[in-house]
Amino acid sequence: MDDQKELWGKILAEIELNVSRANFLTLFKRTALLSLEGNVVTIAAPSTMIIDLLQRRFYEIIKRAVDKHTQMDASIIFAPKTIVATVEQAKESNMPLFEEEKPKTIGHLPRVRQDYTFENMAVSSSNQLAYVSATTVAKKPGQIYNPLFLYGPVGCGKTHLMQSIANEVFKNDNSKKILYITSEEFTNEVVESIRTNATAQMKRKFRNVDLLIIDDIQFIAGKEKIQEELFHTFNILVDNGSQIVLSSDRPPSEIQKVEKRLLSRFAGGLTVDIEQPDFELRTAILLIKAKKYGVGLSIEVAKIIAEKAQDARSLEGLLLRTITEAQAKGEEISEELANKLLGNKKDETIIVGSFHPDEIINNICTYYKVKPTQLKSSKRDAFLVKPRQVAMYILKKELGLTYVEIGNILGGRDHTTIMHGVEKVENLMGKTKLSEDISSISRLAVENVVDY
């Protein structure tokens, strides 16, 4: 047991270097290594809501830290636990930190949320075509729209739709080989396979599936070797009758620095635009999410919260914030509580960031009162220099993106320009109010992570 505690302490120290302090204290501080059997690592956390956040946002960071300190390719299982004593109390009374219960796996497909289903999705005019297309693909994978390419801004529901396809296909035939992965994870696996001379194993993994889903495909821009591997994988899967589903923040024609032959494959199936959810859809989403968390939410309270958010991710963050506040005060979730917590000005919009490049950029633009299109443009106006360099700095330091990736995000800028921008901000930190600006922007970025 002491060895496990020591191991988990090392893993947490590694994780702490790769996440913000707010996230570490909120999400990781009360976790524990429950068991290590073979290559299966079971991590305990205080609640299923925290587990949900850990899986969605920090799975890869956790896995890298676990693999490094266990010297193996670990399979990670999260188990919800009820804390029966704090660490200090446990030491004093010899009580375990977590009450004993049999660990259970959260979810049935790696990286796919079990609650992301078609039944749990609200539909309106903004996502109706995408919803119909996704359900059609799930019923007849590989037969109609191949690939299905979904695009739209952050928080419009692309990931929910794609994971709903995975869940539906799995439900209809659990013998199907299904792989959901982000473009960053795909990139990392290709690079690692080259480094370790294991390309044959990597090719088998991606080319022997019935359903391949890749999220945020725009981030392969400028990565020639990754694009080549994806191109050949794409052709083999389509020839084998396997289904491919892709998502992006823009249509294929607007993704820069991607080979034309690959863009042609992207556009060879059905390309569907998803718009930001309108007020009615945001309200419906809140009611569905509240039901998922077992919380009674009136439609009037849902409307108040819906007015304060612009996308689905913001909605969940504000909902969890409201639920936590009500629980902490021992109150019902009322209109008065929601107004007091979120503000009652109808023209005040709260943008709650999550750790996605576009949302970081949106937060920066909100703070400096500029437009994302201006930030990403080739214009060099004086009023754009500071917010653009701050964006470079935060994308590098907070998200850990490469200079090339940041350059692609910010309108196709050269990596040397990004390096200069990051260095410029680092040199000015402490000498100007820039550090205060960055702290304020960072608070926006973590606002929807609630301290349970």
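Refer to the structure above for everything that follows.
Residues numbered from 1 in each chain as written. Predicted model: local features only at pLDDT ≥ 70, side-chain atom pairs only at ≥ 80, totals over all residues. Heavy atoms only, no water.

*Asks:* Can you lay out the overall build of the protein for me, pointing to particular residues and giving the numbers?
*Replies:* A count of helices and strands for the protein gives 20 helices and 8 strands. The burial tally for the protein puts 50% of its 452 residues in the buried class. Partitioning the contacts of the protein with sequence separation of at least 6, the portion at a separation of at least 24 is 71%. Carbon and sulfur atoms make up 49% of the accessible area of the protein, which totals about 21900 Å². (Helix = DSSP H or I, 4+ residues; strand = E, 2+ residues; numbered from the N terminus. Buried < 20%, exposed > 50% of the residue type's maximum accessible area, 1.4 Å probe, protein only. Contact = heavy atoms within 4.5 Å. Areas by Shrake-Rupley, 256 points an atom, 1.4 Å probe, with all protein chains shown as cover.)

*Asks:* For the pattern of salt bridges, give the residues involved together with the corresponding values.
*Replies:* Overall, the coordinates contain 13 salt bridges when judged by the stated rule. A salt bridge links Glu 189 to Lys 205, with the shortest nitrogen-to-oxygen separation between them at 2.6 Å. Of the two residues, Glu 189 sits in helix 7 (residues 183–195) while Lys 205 sits in helix 8 (residues 199–207), which places them 16 residues apart along the sequence. With relative accessibility at 27%, the residue Glu 189 sits in the partly exposed group. When its relative accessible area of 36% is taken as the criterion, Lys 205 is described as partly exposed. Each of Lys 63, Asp 67 and Asp 73 takes part in a single network of salt bridges with overlapping partners. (Salt bridge = Lys/Arg side-chain N within 4 Å of Asp/Glu carboxyl O.)

*Asks:* I'd like to hear about the packing of helix 7 against helix 8, residue by residue, with values.
*Replies:* Closest axis-to-axis distance for the helix 7/helix 8 pair is 8 Å, and the angle between their directions is 150 degrees. By the angle between their axes, helix 7 is roughly antiparallel relative to helix 8. Counted together, Phe 186, Glu 189, Val 190, Ser 193 and Ile 194 of helix 7 and Thr 199, Met 202, Lys 205 and Phe 206 of helix 8 form the full contact between these two elements. Taken together, the residues that form the contact of helix 7 with helix 8 break down as 5 nonpolar, 2 polar and 2 charged. (Axes fitted to C-alpha atoms, helices over the stretch in contact; angles between N-to-C directions. Parallel < 35°, antiparallel > 145°, perpendicular 65-115°, else oblique. Nonpolar A, V, L, I, M, F, W, Y, C, P; charged D, E, K, R; others polar.)

*Asks:* Lay out the pairing of strand 6 (residues 211–215) in plain terms, naming residues and giving numbers.
*Replies:* Of all 5 residues in strand 6, 5 are buried, a share of seventy percent or more. Burial along strand 6 is two-sided: Leu 211, Ile 213 and Asp 215 facing one way and Leu 212 and Ile 214 facing the other are all buried. For strand 5 (residues 178–182) and strand 6, the ladder comprises 5 bridges, and the chain directions are parallel. Its bridge partner lying in strand 6, Tyr 180 is registered against Ile 213. Sheet topology places strand 6 next to strand 7 (residues 243–248); 4 bridges connect them, and they run parallel. Looking across to strand 7, one finds that Ile 214 is bridged to Leu 246. Tracing the backbone out of strand 6, into helix 9 (residues 224–239) and back to the parallel element strand 7 gives a crossover that is right-handed. (Pairing = 2+ DSSP bridges. Right-handed = clockwise from strand over helix to strand, strands pointing away.)

*Asks:* Lay out the environment of Thr 70 with the relevant residues and their values.
*Replies:* Structurally, the position occupied by Thr 70 is in helix 3 (residues 48–70). Remark: the alpha-carbon pair of Thr 70 and Leu 36, spanning 34 residues in sequence, is separated by 9.5 Å. In this structure the side chain of Thr 70 is engaged in a polar contact, spanning 2.6 Å, whose partner is the backbone oxygen of Val 66. (Polar contact = N/O pair within 3.5 Å; in protein donor to acceptor, adjacent residues only side chain to side chain.)

*Asks:* How would you sum up the packing of aromatic side chains? Please name residues and give values.
*Replies:* Tallying each qualifying case throughout the model produces 7 aromatic pairs. Measuring from ring centre to ring centre gives 4.8 Å for Phe 186 and Phe 206, while their planes differ by 65 degrees; the resulting arrangement is edge-to-face. Taken together, the residues Phe 186 in helix 7 and Phe 206 in helix 8 connect sequence positions 20 residues apart. On the basis of relative accessible area, Phe 206 is assigned to the buried category, the value being 0%. Between Phe 234 and Phe 266, the ring centres sit 6.3 Å apart and the planes meet at 50 degrees, which makes this aromatic pair tilted. Remark: Phe 266 occurs in helix 10 (residues 260–266) and Phe 234 occurs in helix 9; sequence separation between them is 32 residues. Comparing Phe 234 with Phe 266, the two get one shared label, buried. Chaining the aromatic ring pairs together yields one cluster made of Phe 24, Phe 28 and Phe 58. (Phe/Tyr/Trp six-rings, centres within 6.5 Å; stacked < 30°, edge-to-face > 60°.)

*Asks:* Requested: an account of the environment of Lys 424, with residues and values cited.
*Replies:* Checked against the element boundaries, Lys 424 lands in helix 19 (residues 415–428). Given the relative accessible area of 35%, Lys 424 is considered partly exposed. The sequence separation of Lys 424 and Val 390 amounts to 34 residues, and the corresponding C-alpha distance is 9.3 Å.

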